[in-house]
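Summary of the model geometry
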Amino acid sequence: FIDLAQLTRGQRLTLRTPNRESLFPMPTVILRRSLMESFTRTAPPPPGAVDDLIAMIKLNRGDRLMPRLIRYIEERRVHQDRWTAGFVDFPGPLTMIWGEEDPIAILPMTERMKTLRPATTVVRLPGIGHWTSIEAPEQVAAAITGLISD
């Protein structure tokens, strides 16, 4: 439900850049600031997490691809009905594991999915934000393990 997404300032600015590989590396300070926007005061990043994310982004000059990679947002806008149908029409069980403090993928997204597909299970993680598997790996693992052991 990209129409509900609360894009960060970094995402919005990157979408305004030309859709091509950047000639220059993205400054670490900008990457750090942009990533920090995806965390909240109530769900801060674990120690070292932002540095690890930056290292992964910069690996093999990946930071220069950010202006191209961010275009997934435009693709989701154009094809939102198709993306939604993929979830709604999926014949198997569907569970959403969601951080209640996510500043980007906000809780009303889960409510819309429940309206469109009432059988959807939503596992809400209080005090957790956008990066559920980084912020609460044990809780995410327990939720998944519980699902596959049933």
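This text gives an overview of the structure that appears in the document. Please read all numbers here as calculations on a predicted model, not as lab measurements.

Glancing now at the overall build of the protein chain. Looking only at helices and strands, the protein chain has nine helices and two strands in total. When the helices and strands of the protein chain are read in sequence order from the N terminus, they spell out α-α-α-α-α-α-β-α-β-α-α. Reported as C-alpha extents along the three principal axes, the dimensions of the protein chain are approximately 50 × 35 × 25 Å. Here the protein chain, with 150 residues, has 35% of them falling under the buried criterion. Sequence separation of 24 or more characterises 76% of the internal contacts of the protein chain that already satisfy a separation of 6 or more. Side-chain charges in the protein chain split into 19 positive and 17 negative, and the spacing between the mean points of these groups amounts to 9 Å.

Attention now goes to the nonpolar core. Judged by nonpolar contacts, the single largest core of 15 residues is most densely connected at Ile73, Trp98 and Met109. Put simply, the parts of the chain that give this core at least two residues each are β1 (95-99) and α7 (108-116). Once you skip the residues sitting within four places of it in the chain, Trp98 turns out to touch Ala105, Ile106, Leu107, Met109, Thr110, Val123, Arg124, Leu125 and Thr132. Membership of the second largest hydrophobic core comes to seven residues, among which are Leu35, Phe39, Leu53 and Ile54.

Further remarks concern the packing of aromatic side chains. For any pair of aromatic rings, the description rests on two quantities: the centre-to-centre distance and the angle between the ring planes. Summed over all chains, the structure comprises one aromatic pair. With a centroid separation of 6.1 Å and 20° between ring planes, the pair formed by Phe39 and Trp131 is classed as stacked. Here Trp131 lies in the loop between β2 (121-125) and α8 (132-135) and Phe39 lies in the loop between α2 (28-36) and α3 (49-58), a separation of 92 residues in the sequence. In this structure Trp131 comes out as partly exposed when scored by relative accessible area, which is 24%. Over the face of the ring belonging to Trp83 we find Arg76, whose NZ or CZ atom lies 4.5 Å from the ring centre.

Below, the discussion takes up unusual backbone geometry. Backbone geometry places Asn60, a non-glycine residue, at a positive phi of 55°. In this structure, Asn60 sits in the loop between α3 and α4 (66-69).

Right, let's talk about the pairing of β2 for a bit. Two elements, β1 and β2, share five bridges in a ladder whose sense is parallel. Across the sheet, the residue bridging to Trp98 is Arg124, located in β2. Handedness of the β1-α7-β2 crossover: right-handed.

Here Arg117 lies in the loop between α7 and β2. Beyond its immediate sequence surroundings of up to four residues, Arg117 is in contact with Phe87, Val88, Phe90, Pro91, Gly92, Pro93 and Leu94.

Below, the discussion takes up the packing of helix α6 (residues 80-88) against α7. The geometry of α6 relative to α7 is characterised by a closest axis approach of 10 Å and an angle of 65° between their N-to-C directions. Seen from above, α6 lies across α7 with right-handed handedness. For the pair α6 and α7, the contacting residues are Gln80, Thr84, Phe87 and Val88 in the first and Arg112, Met113 and Leu116 in the second.

Inspection of the entire model under this criterion finds seven salt bridges. With a shortest N-O distance of 2.9 Å, Arg112 and Asp3 are connected by a salt bridge. Taken together, the positions of Arg112 in helix α7 and Asp3 in the segment before α1 (9-15) put the pair 109 residues apart, joining distant regions of the chain. Residue class for Arg112 comes out partly exposed when judged on its relative accessible area of 26%. For Asp3, a relative accessible area of 46% translates into the label partly exposed. Between Arg124 and Glu100 there is a salt bridge; the shortest N-O distance is 3.0 Å. On the criterion of sequence distance, the pair formed by Arg124 in strand β2 and Glu100 in the loop between β1 and α7 is long-range, its members being 24 residues apart.

Criteria and cut-off values
Residues numbered from 1 in each chain as written. Predicted model: local features only at pLDDT ≥ 70, side-chain atom pairs only at ≥ 80, totals over all residues. Heavy atoms only, no water. Helix = DSSP H or I, 4+ residues; strand = E, 2+ residues; numbered from the N terminus. Buried < 20%, exposed > 50% of the residue type's maximum accessible area, 1.4 Å probe, protein only. Contact = heavy atoms within 4.5 Å. Lys, Arg positive; Asp, Glu negative; His and termini not counted. Charge placed at Lys NZ, Arg CZ, Asp CG, Glu CD. Core = buried A, V, L, I, M, F, W, Y, C linked by side-chain atoms within 4.5 Å. Phe/Tyr/Trp six-rings, centres within 6.5 Å; stacked < 30°, edge-to-face > 60°. Lys NZ or Arg CZ within 6 Å of the ring centre and 35° of its normal. Pairing = 2+ DSSP bridges. Right-handed = clockwise from strand over helix to strand, strands pointing away. Axes fitted to C-alpha atoms, helices over the stretch in contact; angles between N-to-C directions. Left-handed = near helix turned anticlockwise from the far one by under 90°. Salt bridge = Lys/Arg side-chain N within 4 Å of Asp/Glu carboxyl O.

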